[in-house]
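Residue strings, one per chain:
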Amino acid sequence: MQDLMRRLEALERANRVQRRLVVALGSLLTALVTMGFAGVTDVLQARRVEVIDEAGKPLVVLEARDGRGVLELQNEEGQRSALLSSTSDGGALGLYDERAHAVLTLGAEADGGVIESSDAAGRTLVRIGATGAGGGALATFGPSGKRLVELGATSDGEGTVVTFDAKGDELVGLVVSGRGNGRVVAYDGGKESADWPES
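Per-chain numbering applies: the sequence of each chain, read as written, is numbered from 1 onward. Local features in this predicted model are restricted to residues of pLDDT 70 or higher, and side-chain atom pairs are both shown and tallied only at a pLDDT of 80 or more, whereas totals for entire chains, interfaces and linings draw on every residue. Water and hydrogen atoms were dropped before computing side-chain values, which therefore reflect all heavy atoms in the structure.

## Regarding the overall build of the protein chain
Stage number 1. Numbering of helices and strands runs from the N terminus; a helix is a DSSP stretch of H or I covering at least four residues, while a strand is a stretch of E covering at least two. Counting secondary structure elements, the protein chain contains one helix and 14 strands.
Stage number 2. Note on classification: 1.4 Å probe, protein chains only; a residue is buried when its accessible area is under 20% of the maximum for its type, exposed when over 50%, partly exposed between these limits. Counting all 199 residues of the protein chain, 20% fall into the buried class.
Stage number 3. Residues count as neighbours in contact if any of their non-hydrogen atoms are within 4.5 Å of one another. Residue pairs at least 24 apart in sequence account for 4% of intrachain contacts in the protein chain once pairs closer than 6 positions are excluded.
Stage number 4. Entry remark: accessible area of the protein chain is about 13300 Å², with carbon and sulfur atoms responsible for 57%. Residue-level accessible areas treat just the shown protein chains as cover; the underlying method is Shrake-Rupley with a 1.4 Å probe.

## A closer look at the pattern of salt bridges
Note that side chains of opposite charge can pair when their charged atoms are close.
Stage number 1. Just to be clear on terms, a salt bridge is a Lys or Arg side-chain nitrogen sitting within 4 Å of an Asp or Glu carboxyl oxygen. Inspection of the entire model under this criterion finds eleven salt bridges.
Stage number 2. In this structure, Glu 72 and Arg 65 form a salt bridge, with 2.5 Å as the shortest nitrogen-oxygen distance.
Stage number 3. The exposure class of Arg 65 is partly exposed, given its relative accessible area of 25%.
Stage number 4. For the salt bridge of Glu 109 with Arg 127, the shortest nitrogen-to-oxygen distance reads 2.8 Å. One end of the pair, Glu 109, is in strand β6 (residues 102-109); the other, Arg 127, is in strand β8 (residues 124-130), with 18 residues separating them in the sequence.
Stage number 5. A relative accessible area of 34% places Glu 109 in the partly exposed class.

## Focus: the pairing of strand β9 (residues 136-141)
Stage number 1. Think of it this way: DSSP has to see at least two bridges between two strands before they count as a pair. Pairing of β8 with β9 involves five bridges; the strand directions are antiparallel. Each residue of the ladder has a partner; that of Gly 129, found in β9, is Ala 137.
Stage number 2. The turn joining β8 and β9, which pair antiparallel and follow one another in sequence, is formed by five residues; a positive phi near 95 degrees is taken by Gly 134.
Stage number 3. In sequence, β9 turns back onto strand β10 (residues 147-153) through a hairpin of five residues, with Gly 145 there showing a positive phi of about 90 degrees.

## Focus on the pairing of strand β11 (residues 159-164)
Stage number 1. On β11, burial follows the alternation: Thr 160, Val 162 and Phe 164 on one face are buried, whereas Gly 159, Val 161 and Thr 163 on the facing-out side are not.
Stage number 2. Judged from the five bridges that link them, β10 and β11 form a sheet pairing that is antiparallel. Within β11, the residue paired with Gly 152 across the bridge is Thr 160.
Stage number 3. Pairing of β11 with strand β12 (residues 170-176), which is carried by four bridges, proceeds in the antiparallel orientation. Across the sheet, residue Val 161 finds its bridge partner in β12, namely Leu 174.

## Describing the side chain of Asp 53
Stage number 1. Considering the arrangement of structural elements, one finds Asp 53 in the loop between β1 (48-52) and β2 (58-65).
Stage number 2. Take Asp 53: its relative accessible area is 7%, and that puts it in the buried class.
Stage number 3. Residues adjacent in sequence count toward polar contacts only when both atoms are side-chain atoms; beyond that, a polar contact is any pair of N or O atoms within 3.5 Å, and within protein one must be able to donate a hydrogen and the other to accept it. Within the structure, the side chain of Asp 53 is placed 2.8 Å from the backbone nitrogen of Lys 57, a separation counted as a polar contact.

## Observations regarding the environment of Tyr 96
Stage number 1. Assignment of secondary structure puts Tyr 96 in strand β5 (residues 90-96).
Stage number 2. Discounting chain neighbours no more than four positions away, the residues touching Tyr 96 are Arg 80, Ser 81, Ala 82, Leu 83, His 101, Ala 102 and Val 103.
Stage number 3. Looking at Tyr 96, its side chain comes within polar contact range of the side chain of Arg 80, at 3.5 Å.

Everything listed here is a matter of coordinates, which is why it stays silent on function.
Have a look at this one:
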């Protein structure tokens, strides 16, 4: 029963936030339309625009920060929920948990797009992205930040799978041999120790 009550309270809180956001966006739209009646303007300029709730707390913030455009969504406690911004490589979108910890990031990098999932402590657990070799890669990470498994592509366009130990040294790899055949490679201390079939 307590679980049901907690869930109902969470639903009511979410509903209040949604209502406040709708009212705030409506107020912003009304203000923009009202300004338009004062005369036709091609450009509306401001360093910061806030959409606030009835208590005056900002829920949506649009501003320039350090020479970059930023759109930030905040919850009713004033904690960041989402952040969309420009970066030196393009753009980035960050999603945050209820304690304002970044848990999901989508962005542009020099080699292409990247998605990272993190825990509440900020440690990256999964990373999906483009590689410098022109392929895609998926990597999982342990609590220490070291890679555990990586799926990727070689510069020749061949697929690879590699597992790692807790220190980040390679353990086992599924790769393509120089003859175009599949190959299993075992490593010891990061150095190749055995393979099958033997090359």
